[in-house]
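Okay, here's what each chain looks like letter by letter:
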Amino acid sequence: MLEVHELTVRFGGITALDGVGFTVARGAMVGLIGPNGAGKTTLFNCLTRRHRADGGEVRYEDRDLLAEPPHAIAGLGIGRTFQNLGLFPRMSVRENVMVGAHHHGRAGFLTAALRLPRVRREEARLREEADAVLARLDLAAVADHPAAGLPFGTLKRVELARALAGRPRLLLLDEPVNGLSHGEVDAFADTLRALREELSLTVVVVEHHMGFVMGTCDRVVCLDFGRRIAEGPPEEVQRDPAVIEAYLGTAA
Amino acid sequence: MAERRGTGRRGPVPAVRARWRGLLLTAALLAVCAAPFQLVPFRVFQLTMVLVYTVALIGLNLLVGHGGQISLGHGAFFAVGAYGTAIMMFHGGWPYPVTLPAAAAVAFAIGLALGVPATRLHGLYLALVTLAIAIFLVPLLKRFESVTGGSMGLTLAKPRPPAWSGLAEDQWLYFLTLAAALLALAVNHSLLRSRVGRALHAVRDNETAAEVMGVRLAFHKRMAFAWSAMFAGAAGCLYTWVIGFVSPDSFTVNLSITLLAGLVIGGLGATWGPLLGGLFVMFVPSLSQDVNKAAPGVIFGLLIIVVMYVAPTGLAGLVRRAAHSFGRTLRKG
Ligand SMILES: Nc1ncnc2c1ncn2[C@@H]1O[C@H](COP(=O)(O)OP(=O)(O)OP(=O)(O)O)[C@@H](O)[C@H]1O
Ligand SMILES: [Mg+2]
């Protein structure tokens, strides 16, 4: 479904990604790990066209992803969450989720200003879909609350809800359980596994929490200093000497 | 308004609140319709001008409060509407009702053209470019004397009340402006509570996330600019109807800055911000002139600082807070 070849990204003197390549099969759940600054977020930013690639190719469903404009990514069925929350703080939780379904709507400035019947129908449909996603993630009670000022764990779920509202086929999660309590991490893992079945999602998840990665992913890719240093089933990658050294090297 | 709603536990149940709101709005509408029959013509004229500025501020609020952009040149679009109307009536002899949609369309088109920088520039840079537009306008108006009347401006006949209405001129102008303001309010309200309004809010709150959700940033920013200009142009048309005279000195940079100050004081992004801001734009500059003839700007500036200090969310926020504590007292008592 997703093929990354020789992807390279440079920021001035820093090479954030250095010829990275891997593939993600349809329906797979791939963990992307690596020490701080390894280039994981940069990889996501490349896939969602936030950064220009300096070299390499990304094929997504037989399409050259790097040739697509940034706003078209959602329409291609790619959803993502952000490492440090990328919510719209002054909008309500429901409105946040409805923005996630932006590309499923058609209303333009003129038709919306005139409040044509089809705009009203579309609005009701988007709202219903958003409420269904909110109910699925236990967020119905906070639907009208502004997205600012809720507990961190709740906001993380709101971000997931917003990404799901776009009905993605490929979901990119950047550190979804970072900052959550033990119980919350387990609950999130259960939810994610269930959603993957229900919605036949393909998932790439960046996470430092090894328990979470081991429990949810069926493949793991490890980056270090912008290079792919290991790829395989979780247990194998965990035992890989290069991976152990990358983590120990930064911990020391 | 929307951002405070739905904390269910704290406020009264929505049905009760909706009934109260309906009741209040009906009462307000009745008062607004009765006002021109109770007041002297000069007061009616003042209220009409408040409505004119309200329409302009609805546009500015769309851009600044909801779109998160800035414009220090909105007086220019107001002037485009005012002069456009004057020229259509003076040189073209057009009947006045046609000039409202025409002026709005012209301002929209110019807003769309000048909205290009809005898609590329942020904050201070956009403020400077829009300010430049406003500064550029006055000499431009003076230059094409044969069309604009130069420094002398153009004098026109005001719309005359039809015989069937039985209204005096000031009352007729008041109701024309009121109808236009209500239409602007409705259009703006529909726009904001739609997919488009959400996209604008999303762009304001977090551009990156908005784009990842599929919102086309440049398109929405430019359209917000053009729609905002359209409301300002419509307000300019109403201005010409009501005043019956346009001259370059009415549309200096001062107007643009007063409009923006009025909006911020009324309440950025708040539903009633434009109306409160309209009151401010109409009354405060002349009031501060009365208090201190030598330096009206000083009083004006001080007032802005005081209001921002007491009510950082604008007058609309202050009213909302007051209503909130009043409601709480009622429930307790
Ligand atoms: N916009 C940018 N401009 C300059 N350098 C950047 C930019 N984004 C990332 N970098 C650099 O690229 C490298 C990779 O950063 P990235 O954020 O992708 O790491 P990461 O693997 O996500 O790390 P973490 O686990 O801490 O989130 C870092 O050295 C970082 O400083
Ligand atoms: Mg990261």
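Scroll up to find the structure.
From a predicted model like this one, the values you see are computed outputs, not experimental measurements.

Caption draft 1: Fine view of the coordination of the magnesium ion (ligand 2). Taken together, the protein ligands of the magnesium ion (ligand 2) are A:Thr41 (OG1) and A:Gln83 (OE1), with distances of 1.9 to 2.1 Å. Remark: A:Gln83 occurs in the loop between strand E6 (78–80) and helix H2 (93–100) and A:Thr41 occurs in helix H1 (residues 40–47); sequence separation between them is 42 residues.

Caption draft 2: Summary view of the packing of aromatic side chains. All chains considered together, the criterion is met by 15 aromatic pairs over all chains. Every member of this aromatic cluster is reached through a ring pair, and the members are B:Tyr53, B:Phe78, B:Tyr83, B:Tyr239 and B:Phe251. It is A:Arg162 that lies over the ring of A:Phe88; its NZ or CZ is 4.8 Å from the centre. The lysine or arginine in question, B:Arg143, covers the ring of B:Phe144, its NZ or CZ lying 5.6 Å from the ring centre.

Caption draft 3: Quick look at the sheet that holds strand E4 (residues 55–60) of chain A. Residues and elements named next belong to chain A. Taken in spatial order, the 4 strands of this open sheet run E2-E1-E4-E5, and their pairing is antiparallel. In this open sheet, the two strands that pair with only one neighbour each are strand E2 (14–24) and strand E5 (63–64). In this sheet, E5 lies alongside E4 in antiparallel orientation, the contact comprising 2 bridges. Bridge pairing in E5 links Tyr-60 to Arg-63. On the sheet, H1 packs against strand E1 (2–11), E2 and E4 and is oriented at approximately 110 degrees with respect to E1.

Caption draft 4: Spatial organisation of a nonpolar patch on the surface. Residues and elements named next belong to chain B. On the surface, Leu-25, Leu-29, Leu-182, Leu-185, Trp-272 and Leu-275 cluster together into a nonpolar patch covering about 500 Å² of accessible area. Elements that contribute at least two residues to the nonpolar patch include exactly helix H1 (14–38) and helix H8 (169–192). Inspection of the secondary structure puts Leu-29 in helix H1. Under the relative-accessibility criterion, Leu-29 is labelled partly exposed at 42%.

Caption draft 5: Spotlight on helix H4 (residues 117–136) of chain A. Here H4(A) spans 29 Å end to end across 20 residues, near enough to the 28 Å set by a 1.5 Å rise per residue. Among all positions of H4(A), only A:Val119, A:Glu122, A:Glu123, A:Leu126, A:Ala130, A:Val133 and A:Leu134 are buried. Down the axis, H4(A) shows its buried residues gathered within 110 degrees of arc, on one side only. When the buried face of H4(A) is taken as reference, the exposed residues oriented beyond 90 degrees from it are A:Pro117, A:Arg118, A:Arg121 and A:Glu128. Structurally, H4(A) contributes buried residues whose contacts are with H2, helix H3 (109–114) and helix H5 (152–165) of chain A together with helix H9 (195–205) of chain B.

Caption draft 6: Quick look at the nonpolar core. Within the largest apolar cluster, 83 residues are counted, with the highest numbers of intra-cluster contacts made by B:Phe78, B:Trp227 and B:Phe251. The element best represented in this core is helix H11 (residues 217–243) of chain B, accounting for 15 residues. When residues no more than four places from it in sequence are discounted, the contact partners of B:Phe78 are B:Val52, B:Tyr53, B:Ala56, B:Ala232, B:Ala235, B:Gly236, B:Tyr239, B:Phe251 and B:Leu255. With 44 residues, the next largest nonpolar core counts A:Met29, A:Ala143, A:Val203 and A:Val243 among its residues.

Rules used throughout
Residues numbered from 1 in each chain as written. Chains lettered and ligands numbered in written order. Predicted model: local features only at pLDDT ≥ 70, side-chain atom pairs only at ≥ 80, totals over all residues. Heavy atoms only, no water. Donors = N, O, S within 2.8 Å, 3.2 Å for Na, K, Ca; no water. Helix = DSSP H or I, 4+ residues; strand = E, 2+ residues; numbered from the N terminus. Phe/Tyr/Trp six-rings, centres within 6.5 Å; stacked < 30°, edge-to-face > 60°. Lys NZ or Arg CZ within 6 Å of the ring centre and 35° of its normal. Pairing = 2+ DSSP bridges. Contact = heavy atoms within 4.5 Å. Axes fitted to C-alpha atoms, helices over the stretch in contact; angles between N-to-C directions. Patch = residues over 30% accessible without salt bridge, like charges linked within 9 Å, V, L, I, M, F, W, Y side chains within 5 Å. Areas by Shrake-Rupley, 256 points an atom, 1.4 Å probe, with all protein chains shown as cover. Salt bridge = Lys/Arg side-chain N within 4 Å of Asp/Glu carboxyl O. Buried < 20%, exposed > 50% of the residue type's maximum accessible area, 1.4 Å probe, protein only. Expected span 1.5 Å × (residues − 1). Arc of directions from axis to C-beta. Core = buried A, V, L, I, M, F, W, Y, C linked by side-chain atoms within 4.5 Å.

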